[in-house]
Amino acid sequence: MSGKDFEGAVVIVTGASTGLGRAIAVETASRGARAVVVNYASSAAEAETTAEQVRAQGAEAILCQADVADDAACRRIAEAAAPFGRVDALFNNAGITKFAQNHGDLDAVSAEDFQRLYAVNVVGAYQMIRAARPLMDAAPRPAAVVNTASVAGVMGIGSSVPYAASKGALVTMTLSLARALAPKIRVNAVCPGYIDTPWFGRNMDEAGLERLRQGVAASVPLQVVSQAEDIAGPAVFLASPAAAHITGETLLIDAGSHLGRAPLGMR
Ligand code: NAP
């Protein structure tokens, strides 16, 4: 049992309007966080729902609309936590993609799209860490950053080559910053496989989504479809006191998808 291991903590979650970010925000609140900064880009109503769920757990929720690709906006997100005088955990979870059916089709994603993916998925995380660093330095115990990368960034799979490359860069940046910011700040990453969030629903109808879920369950060794809460638990663990001796780690939370299919005799 994790209990109230975030008692008094001040938490920032980027991309917390829906999906994994919402689940992380609510999980930290349920574990005793004092305040959670709920960042989002454009989904104001969904972000308000996250804030309500955070408040229902007894934590203060501070809504902050901001594009993490914008450095000044990242500073505004950090400033939302400034009245509390500290940041104990920063979850760099905001992310975007551009879908390309065929990774061999190098025209499927434009240079502008590629750069926008980097601006949000990589530069955004860097800028957030820079903006929140003084408040993380002020935390009573070493603060924690958890970057939401992806198994796509480890294996070169996923929605498109630029998406995989951006998540790979986030994994590498996790290593660099874990070394550079120690001992005051721990920096780790999670690499989810498929998560059943609004992420895919924007590009697919319900029938397509159902086929996708069935395909995932049939192909991953654990034969499950991960929900946001299944990933939020391990992500929050990396920011918790139980992970106080973990930094520079990349945790694959993908129901075993990186293992590939079982040898023929075991199928
Ligand atoms: P989601 O429900 O679509 O959540 C994405 C979140 O990112 C939303 O809150 C969105 O805010 C926010 N966001 C997008 N661009 C932003 C920007 N420029 N500035 C601030 N916030 C921004 O999808 P999700 O599945 O939970 O994704 C969360 C993270 O998990 C992403 O980093 C994604 O790459 C990663 N991931 C997802 C999967 C998957 O299968 N779903 C797998 C591996 C990794 P708005 O709603 O306001 O736009």
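Scroll up for the structure.
Residues numbered from 1 in each chain as written. Predicted model: local features only at pLDDT ≥ 70, side-chain atom pairs only at ≥ 80, totals over all residues. Heavy atoms only, no water.

A. Region of interest: the packing of aromatic side chains. Evaluation of the coordinates by the stated rule reveals 4 aromatic pairs. Ring centres of Phe-114 and Tyr-118 lie 5.8 Å apart, and the angle between their planes is 35 degrees; on these two criteria the pair is classed as tilted. You can see Phe-114 and its partner Tyr-118 sitting in helix H4 (residues 111-137), 4 residues apart, about one turn around the helix. The partly exposed category is assigned to Phe-114, whose relative accessible area is 32%. You can call Tyr-118 partly exposed: its relative accessible area is 28%. For the ring pair Tyr-163 and Trp-199, a centre distance of 5.8 Å and an interplane angle of 50 degrees mean the geometry is tilted. One end of the pair, Tyr-163, is in helix H6 (residues 161-181); the other, Trp-199, is in helix H7 (residues 198-201), and 36 residues separate them in sequence. You can call Trp-199 partly exposed: its relative accessible area is 22%. Taken together, Phe-99, Tyr-194 and Phe-200 form an aromatic cluster joined through their ring pairs. (Phe/Tyr/Trp six-rings, centres within 6.5 Å; stacked < 30°, edge-to-face > 60°. Helix = DSSP H or I, 4+ residues; strand = E, 2+ residues; numbered from the N terminus. Buried < 20%, exposed > 50% of the residue type's maximum accessible area, 1.4 Å probe, protein only.)

B. Spotlight on helix H1 (residues 19-30). Relative to the 16 Å expected for 12 residues at 1.5 Å per residue, H1 spans 17 Å between its end C-alpha atoms, a close match to the ideal helical length. The buried fraction of H1 amounts to 9 of the 12 residues, a majority that puts the element mostly inside the structure. Once H1 finishes, Gly-32 follows within two positions and takes phi at roughly 105 degrees, a positive value. (Expected span 1.5 Å × (residues − 1).)

C. Molecular detail of the sheet that holds strand S4 (residues 89-92). As summarised here, the arrangement of the 7 strands in space is S3-S2-S1-S4-S5-S6-S7, forming an open sheet in which the pairing is parallel. Each edge of the open sheet is held by one strand with a lone partner, namely strand S3 (60-65) and strand S7 (250-253). Across the sheet, the mean angle separating the axes of adjacent strands is 15 degrees when strand polarity is ignored. On top of the sheet, helix H2 (residues 44-56) reaches strand S2 (35-40) and S3; it is set at about 165 degrees to S3, its chief contact. Sitting on the sheet, H4 is in contact with strand S1 (10-13), S4, strand S5 (143-148) and strand S6 (185-192), with an inclination near 175 degrees to S4. (Pairing = 2+ DSSP bridges. Axes fitted to C-alpha atoms, helices over the stretch in contact; angles between N-to-C directions. Contact = heavy atoms within 4.5 Å.)

D. Structural view of the site of the ligand. Surveying the vicinity of the ligand reveals 34 residues, the closest of which are Ser-17, Ser-42, Ser-43, Thr-197 and Arg-202. With respect to the ligand, the side chain of Ser-43 contributes an N or O atom lying 2.6 Å from an oxygen atom. Lys-167 places a side-chain nitrogen or oxygen 3.0 Å from an oxygen atom of the ligand. In the complex, 95% of the free accessible area of the ligand, which totals 900 Å², lies under the protein chains. Listing elements by their share of the shell around the ligand, those giving two or more residues are H1, S2, H4, H6 and H7. At 3 residues, the largest contribution of residues to the shell around the ligand is made by H7. Classifying every residue of the shell around the ligand by side-chain character gives 17 nonpolar, 13 polar and 4 charged. (Near = heavy atom within 4 Å. Polar contact = N/O pair within 3.5 Å; in protein donor to acceptor, adjacent residues only side chain to side chain. Areas by Shrake-Rupley, 256 points an atom, 1.4 Å probe, with all protein chains shown as cover. Nonpolar A, V, L, I, M, F, W, Y, C, P; charged D, E, K, R; others polar.)

E. Fine view of the state of the cysteines. A complete count under the given rule lists 0 disulfides for this structure. Left without a disulfide partner, Cys-74 is nearest to the cysteine sulfur of Cys-64, which lies 9.5 Å away. (Disulfide = S-S within 2.5 Å.)

F. View of the packing of H4 against H6. Running from N to C, H4 and H6 cross one another at 20 degrees; their axes reach a closest spacing of 8 Å. Our classification of the angle between H4 and H6 gives roughly parallel. Judged by the twist between their axes, the crossing of H4 over H6 is right-handed. Only Pro-162, Tyr-163, Ala-165, Ser-166, Lys-167, Ala-169, Leu-170, Met-173, Leu-177 and Leu-181 of H6 make contact with H4, whose side of the interface consists of Phe-114, Leu-117, Tyr-118, Asn-121, Val-122, Ala-125, Tyr-126, Ile-129 and Arg-133. Looking at the contact of H4 with H6, its residues break down into 15 nonpolar, 2 polar and 2 charged. (Parallel < 35°, antiparallel > 145°, perpendicular 65-115°, else oblique. Left-handed = near helix turned anticlockwise from the far one by under 90°.)

G. Here's a closer look at the nonpolar core. Formed by 40 residues in total, the largest nonpolar core has its most connected members in Ile-12, Val-37, Ile-77, Leu-90 and Met-136. Ranked by the residues each element gives to this core, the list is headed by H4, at 9 residues. If sequence neighbours within four positions are ignored, Ile-77 has contacts with Ile-12, Val-37, Asn-39, Cys-64, Ala-66, Val-68 and Met-128. Val-13, Val-36, Ala-232 and Val-236 belong to the second-largest nonpolar core, a separate cluster that totals 34 residues. (Core = buried A, V, L, I, M, F, W, Y, C linked by side-chain atoms within 4.5 Å.)

H. Focus on the pairing of S5. In terms of burial, S5 is a largely internal element, 6 of the 6 residues being buried. Because side chains alternate across S5, one face comprises the buried residues Ala-143, Val-145 and Asn-147, and the other comprises Ala-144, Val-146 and Thr-148, equally buried. Bridge analysis of S4 against S5 gives 4 bridges, and the strand direction is parallel. Counterpart to Leu-90 in the pairing with S5 is Val-145. Crossover handedness for the path S4 to H4 to S5: right-handed. (Right-handed = clockwise from strand over helix to strand, strands pointing away.)

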